[in-house]
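Chain residues, written in single-letter form:
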Amino acid sequence: MVSRWALRFGCSLLAVGIAAGLAASGAAAQEKVLRIAMTAADIPRTLGQPDQGFEGNRFTGIPIYDALTHWDLSKEKEPSVLIPGVATEWKVTDDKTKWHFKLRPGVKFHDGSDFNAAAVVWNVQKVLDKAAPHFDPSQVGVTVSRMPTLRSARAVDDMTVELTTSEPDSFLPINLSNLFMASPAHWDAKLKAVPASATDPAERAKQAWTAFAADPSGSGPFKVTRFVPRERLELAANATYWDEKRRPKIPKVVLLPLPEANARTAALLSGQVDWIEAPAPDALDQIKSRGFKMYQNAQPHVWPWQLSFVEGSPWLDKRVRHAANLCINRTELKEALNGLMAEAYATYEEGHPWNGNPSFKIKYDPAAAKKLMTEAGHSAAKPLKVKVQASASGSGQMMPIPMNEYLQQALKECFFDVELDVIEWNTLFTNWRQGAKDASARGSHAINVSYAAMDPFFGMVRFTSTKTFPPVSNNWGFFGNDEFDKLIADARTTFEDKARDEALARLHKRIVEEAPFVWVAHDVGPRAMSPKVKGVVQPQSWFIDFATMSME
């Protein structure tokens, strides 16, 4: 199976070899500009809350903006942990639903205005308060689904803000790493420039946000200098950034959307870019032989099928869910990807404090899978039809078409008849929040959206709580019941680290045993770079920080 799949995958690489020999003389210019080819088909939104999944956070969130809390991306050999961002400290009050965040003094937005408690309140209101003049419905979906318990914000004083949740939630500080701080003063200036002919407040706010996206103002280490949708985003170093360790050494960064792996690889080999995300697996030898450097690291990021539990779904039978997980030879798939993945047998593997030692042991056991399928009433003559919605490319999707075609062939041996519905990545990501019952699912019984698992909400809660059914968050398949809600509440209301880890292990154990996913791979974040790029730290994280890098 590997050779047949690899042959199909590799045939298009002839174009890479041709393109590599056509480098334009201008591409070798020695200016200190870092040119990055993303997997996204478009520039992630720049107005504060990015789209394009977490690739948006990586390239237009973290570089341009700050959040109250940040991920530590400075270490390669240790897991990324939460650290202070533009909040210096925080604590929960006695009733466990109110948090006080002390803010970092002296932080300035790119337009020169001050960051303070009023700015935090304003940024919470932009996605939660429909009565606020700057409320933006377009930013709600990618934000609220990642922090569903946050309800309001109040300035205690100029440098202290109080955040209130709907229930005790020990995960809140982690969730807040996704709420990026945009400049209220800069938005107000854009609003004042909206033509008087636009009289509807909602329309005026929409136009102000459109203008803000074209000329954004955050407080991050880079400022936007040029934005051409679907073509390029240019960033310049913020020479006065508050964190001296992250004050950029590279004066200019250019982000380019190149969703097709072979096109990205050709761009690197021809000198058109300095850095590509997710190179074509069978071009690795060529990339290395040309002197480019490969970086990869195990990271908390899962490539799965998320299964539907709506009425009539073929996955309602647990025997079928277990059979699918047992029918995949992940080692073979890893070989076909030239090592650019790690095998996934759960969201958190053995040795992780949240693993919990599930009784269902996922492995490659086609005989056991066929036995389960036979017990469920299926056979080669009577296969089980399943439809899976997937993307052609996208953030963290690795090589979605060939990988899904591999699964299609592998599962056929265990009496599955898999139909693939391939759509554009950002559309798929939007569908993920609409759910399996929505027309956007087009009758699919599973969805292939990779997910970050660096914290318990992203890795477990949003997929298993009855409170996160669409459109609240990403429980696309409507999986959950009282048992899981209780396990989640136990973890969420535990504020002591060791006890919370134990509660999360119990939750993960039951998730694996019930198998609402077909676990396939963990991403290793492969990226190839020019040797001119120095100071690269490939963290154990879905994110990476180019503010600390330099160029020869």
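Up top is the structure these notes are about.
Summarised in this report is the structure supplied together with it. Each chain has its residues counted from 1, following the order in which its sequence is written. pLDDT decides what is reported in this predicted model: residues at 70 or higher carry local features, side-chain atom pairs at 80 or more are listed and counted, and totals for whole chains, interfaces and linings draw on all residues regardless. Hydrogens and water molecules were not included; the side-chain quantities draw on all heavy atoms of the structure.

## Details of the pattern of salt bridges
Rules: Criterion for a salt bridge: a side-chain nitrogen of Lys or Arg within 4 Å of a carboxyl oxygen of Asp or Glu. Working definition: helices are DSSP H or I runs of at least four residues, strands are E runs of at least two. Numbering for both runs from the N terminus.
Counted under the stated rule, the structure contains 30 salt bridges. One salt bridge in this structure joins Arg492 and Asp169, with 3.0 Å as the shortest N-O distance. Taken together, the residues Arg492 in helix H17 (residues 482–492) and Asp169 in the loop between strand E7 (160–165) and helix H6 (172–175) connect sequence positions 323 residues apart. For Arg321, the salt bridge identified is with Glu514, shortest N-O distance 3.5 Å. Of the two residues, Arg321 is situated in helix H11 (residues 318–326) and Glu514 in helix H18 (residues 497–514); the sequence distance between them amounts to 193 residues.

## Considerations on H18
We count it as follows: Expected span of a helix: the number of residues minus one, times 1.5 Å. Exposure is judged per residue with a 1.4 Å probe applied to protein chains only, and the accessible area is read against the type maximum: over 50% gives exposed, under 20% gives buried, and values in between give partly exposed. In what follows, a contact means two residues having at least one pair of non-hydrogen atoms within 4.5 Å. Side-chain atoms alone can form a polar contact between residues adjacent in sequence; in general such a contact is a pair of N or O atoms within 3.5 Å, and within protein one must be able to donate a hydrogen while the other accepts it.
With 18 residues, H18 should reach 26 Å at 1.5 Å per residue; the first-to-last C-alpha distance of 26 Å fits that figure. Looking at H18, one finds that the buried residues are Arg500, Ala503, Leu504, Ala505, Leu507, His508, Arg510, Ile511, Val512, Glu513 and Glu514. Tucked inside the fold, the buried residues of H18 contact H11, helix H16 (456–464), H17 and strand E19 (517–522). N-cap assignment for H18: the residue whose side-chain oxygen lies 3.1 Å from the backbone N of Lys498 is Glu496. Taken from the residues just after H18, Ala515 is the one with a positive phi, measuring 55°.

## Side note on the pairing of strand E4 (residues 87–92)
Regular strands place their side chains on alternate faces of the sheet. So the rule is basically this: Strand pairing is defined by DSSP finding a minimum of two bridges between the two strands.
The sheet contact formed by E4 and strand E5 (residues 98–103) spans five bridges and is antiparallel. Paired with Trp90 across the strands is Phe101, a residue of E5. Count of turn residues in the E4/E5 antiparallel hairpin: five residues, of which Lys96 carries a positive phi of about 65°.

## What about the side chain of Ser145?
Residue position: Ser145 is located in the loop between helix H5 (137–144) and strand E6 (150–157). Under the relative-accessibility criterion, Ser145 is labelled buried at 4%. A distance of 2.8 Å separates a polar atom in the side chain of Ser145 from the backbone oxygen of Gly141. Not counting residues within four places of it along the chain, the set of residues in contact with Ser145 comprises Val140, Arg433, Phe457, Val472, Ser473 and Asn474.

## A few points about the nonpolar core
Rules: Definition used in this section: a nonpolar core is a set of buried Ala, Val, Leu, Ile, Met, Phe, Trp, Tyr and Cys residues joined via side-chain atoms within 4.5 Å.
Counting residues in hydrophobic clusters, the biggest one holds 140 residues, and the most contacted among them are Trp305, Phe416, Trp519 and Phe546. Beyond its immediate sequence surroundings of up to four residues, Phe546 is in contact with Leu34, Ile36, Arg58, Phe59, Pro63, Phe222, Leu235, Val253 and Trp275.

## Looking at the packing of aromatic side chains
Rules: The pairing test for Phe, Tyr and Trp rings, Trp by its six-membered ring, is centres within 6.5 Å, and the orientation test on the planes gives stacked under 30 degrees, edge-to-face over 60, and tilted for anything in between. Counting as a charge over the ring demands two things of the Lys NZ or Arg CZ atom: a distance within 6 Å of the ring centre and an angle within 35 degrees of the ring normal.
Tallied over the full model, the rule gives 29 aromatic pairs. An aromatic cluster of at least three residues, connected via ring pairs, comprises Trp425, Phe429, Trp432, Tyr451, Phe463, Phe517 and Trp519. Against the face of Trp542 rests Arg58, its NZ or CZ located 4.0 Å from the ring centre. Directly above the ring of Phe478 sits Lys437, whose terminal nitrogen or CZ lies 4.4 Å from the centroid.

## What to know about the sheet that holds E7
Think of a sheet as strands paired side by side through backbone hydrogen bonds, with each pair either parallel or antiparallel. Cut-off, in case you're wondering: To get an axis, fit a line to the C-alpha atoms, keeping to the stretch in contact for a helix; angles then go from 0 to 180 degrees between the N-to-C directions.
The four strands lie next to each other as E4-E5-E7-E6, forming an open sheet whose pairing is antiparallel. Edge positions in the sheet fall to E4 and E6, since each of these pairs with one other strand and no more. Within the sheet, the average angular offset between the axes of one strand and its neighbour, ignoring direction, is 20°. With five bridges connecting them, E5 and E7 associate as antiparallel partners. Of the residues in E7, the one forming a bridge with His100 is Glu162.

## A few points about helix H3 (residues 53–61)
Within an α-helix, residues lying three or four positions from one another point in the same direction, as the helix has 3.6 residues per turn. H3 sits mainly inside the fold: nine of its nine residues count as buried. When H3 is considered as a whole, its buried residues turn out to be Gly53, Phe54, Glu55, Gly56, Asn57, Arg58, Phe59, Thr60 and Gly61.

## Observations regarding the sheet that holds strand E1 (residues 33–38)
Pairing in this open sheet of seven strands is mixed, and the strands run E8-E9-E10-E1-E11-E20-E12 from one edge to the other. Each edge of the open sheet is held by one strand with a lone partner, namely strand E8 (222–228) and strand E12 (293–295). Direction aside, the axes of adjacent strands within the sheet are offset by 20° on average. In terms of strand pairing, E12 meets strand E20 (residues 527–529) through three bridges, oriented antiparallel. By the bridge assignment, Lys293 is partnered in E20 with Met529. Most of the contacts of helix H9 (residues 261–269) go to strand E11 (residues 275–277), to which it runs at about 165°, and overall it touches E1, E11 and E20.

## Some thoughts on the environment of Trp187
Considering the arrangement of structural elements, one finds Trp187 in helix H7 (residues 184–192). Taking the C-alpha atoms as reference points, Trp187 and Glu424, 237 residues apart in sequence, are found 31 Å from one another. In this structure, Trp187 is in contact with Trp122, Pro133, His134, Ala205, Ala208, Trp209 and Phe212, ignoring residues within four places of it in sequence.

## Comments concerning the environment of Asp157
Within the element layout of this structure, Asp157 appears in strand E6. Judged by relative accessible area, which is 38%, Asp157 ranks as partly exposed. Sequence-wise, Asp157 and Ser450 are 293 residues apart; in three dimensions their C-alpha atoms are separated by 40 Å. In this structure the side chain of Asp157 is engaged in a polar contact, spanning 2.9 Å, whose partner is the backbone nitrogen of Met159. Of note is the side chain of Asp157, whose polar atom sits 2.8 Å from the backbone nitrogen of Thr160.

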